[in-house]
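# A structural walkthrough
What follows is each chain in one-letter form.
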Amino acid sequence: MNTESELLMALKTAVAIDASAEILDVMTHIAAHYIAQGYTQEGADVLAFVLLQPHIAEDTHEMALDLFEDLETHICPRVIVDATEFARLATLNDIIEYIFAPHDV
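Residues numbered from 1 in each chain as written. Predicted model: local features only at pLDDT ≥ 70, side-chain atom pairs only at ≥ 80, totals over all residues. Heavy atoms only, no water.

Turning our attention to the nonpolar core. Core analysis: the largest hydrophobic core is formed by 33 residues, its most contacted members being Met27, Ile30, Val46 and Ile99. Among the elements of the structure, helix H1 (4-16), helix H2 (20-36), helix H3 (40-52), helix H4 (58-74), helix H5 (77-89) and helix H6 (92-100) are those that each provide at least two residues to this core. A per-element tally of this core places H2 first, with 8 residues. Discounting chain neighbours no more than four positions away, the residues touching isoleucine 30 are Leu7, Leu8, Leu11 and Ile99. (Core = buried A, V, L, I, M, F, W, Y, C linked by side-chain atoms within 4.5 Å. Buried < 20%, exposed > 50% of the residue type's maximum accessible area, 1.4 Å probe, protein only. Helix = DSSP H or I, 4+ residues; strand = E, 2+ residues; numbered from the N terminus. Contact = heavy atoms within 4.5 Å.)

This is the structure in structure tokens:
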């Protein structure tokens, strides 16, 4: 597993070169990292956004969907509802700022 700093650096790089597929892939891995650390709300928020994107690579979509569906089976349904609402209103820049905001992950 990559460290959080490695994932954030990969996201910065993908954003810098405007690589949409890579941005969504790295975001999915960041969400997996959040979930593994017990930050399920943050993970759900990022995954919900990723899953709403129309131009997502199939393997990234599959990973994000698997993670999201797994979360649905063991966390409070309100977390899923909140994540979905958050994702519908968020822009890519909003999610990037959210990811780079201080987290205790």
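Next, the rest of the story.
Put simply, H2 and H4 touch, their axes get as near as 9 Å, and they point 25 degrees apart. Relative to H4, the element H2 is oriented roughly parallel. Considering the relative orientation of H2 and H4, their crossing is left-handed. Every residue of H4 that contacts H2 at Leu24, Asp25, Thr28, His29, Ala32 and Ile35 is listed here: Thr60, Met63, Ala64, Leu67 and Leu71. (Axes fitted to C-alpha atoms, helices over the stretch in contact; angles between N-to-C directions. Parallel < 35°, antiparallel > 145°, perpendicular 65-115°, else oblique. Left-handed = near helix turned anticlockwise from the far one by under 90°.)

An ideal rise of 1.5 Å per residue puts 18 Å on 13 residues; H1 measures up with 18 Å between its terminal C-alpha atoms. Buried within H1 we find Glu4, Leu7, Leu8, Leu11 and Ala14. Burial along H1 is one-sided: seen end-on, the buried residues are contained in an arc of 125 degrees. Exposed residues on H1 whose side chains face more than 90 degrees from its buried face are Ser5, Met9 and Ala16. (Expected span 1.5 Å × (residues − 1). Arc of directions from axis to C-beta.)

A surface patch of negative charge is lined by Glu58, Asp59, Glu62, Asp66, Glu69, Asp70 and Glu72. Along the polypeptide, glutamate 58 turns up in helix H4. Overall, the relative accessible area of 67% leaves glutamate 58 in the exposed class. (Patch = residues over 30% accessible without salt bridge, like charges linked within 9 Å, V, L, I, M, F, W, Y side chains within 5 Å. Areas by Shrake-Rupley, 256 points an atom, 1.4 Å probe, with all protein chains shown as cover. Salt bridge = Lys/Arg side-chain N within 4 Å of Asp/Glu carboxyl O. Lys, Arg positive; Asp, Glu negative; His and termini not counted. Charge placed at Lys NZ, Arg CZ, Asp CG, Glu CD.)

Enumeration over the complete set of coordinates arrives at 1 salt bridge. Ionic pairing is found between aspartate 82 and arginine 78, a salt bridge with its closest N-O pair at 2.9 Å. Taken together, the positions of aspartate 82 and arginine 78, both in helix H5 and 4 residues apart, correspond to about one turn of that helix. Looking at aspartate 82, the relative accessible area reads 30%, which means it is partly exposed.

Just distances and angles here, no functional claims.
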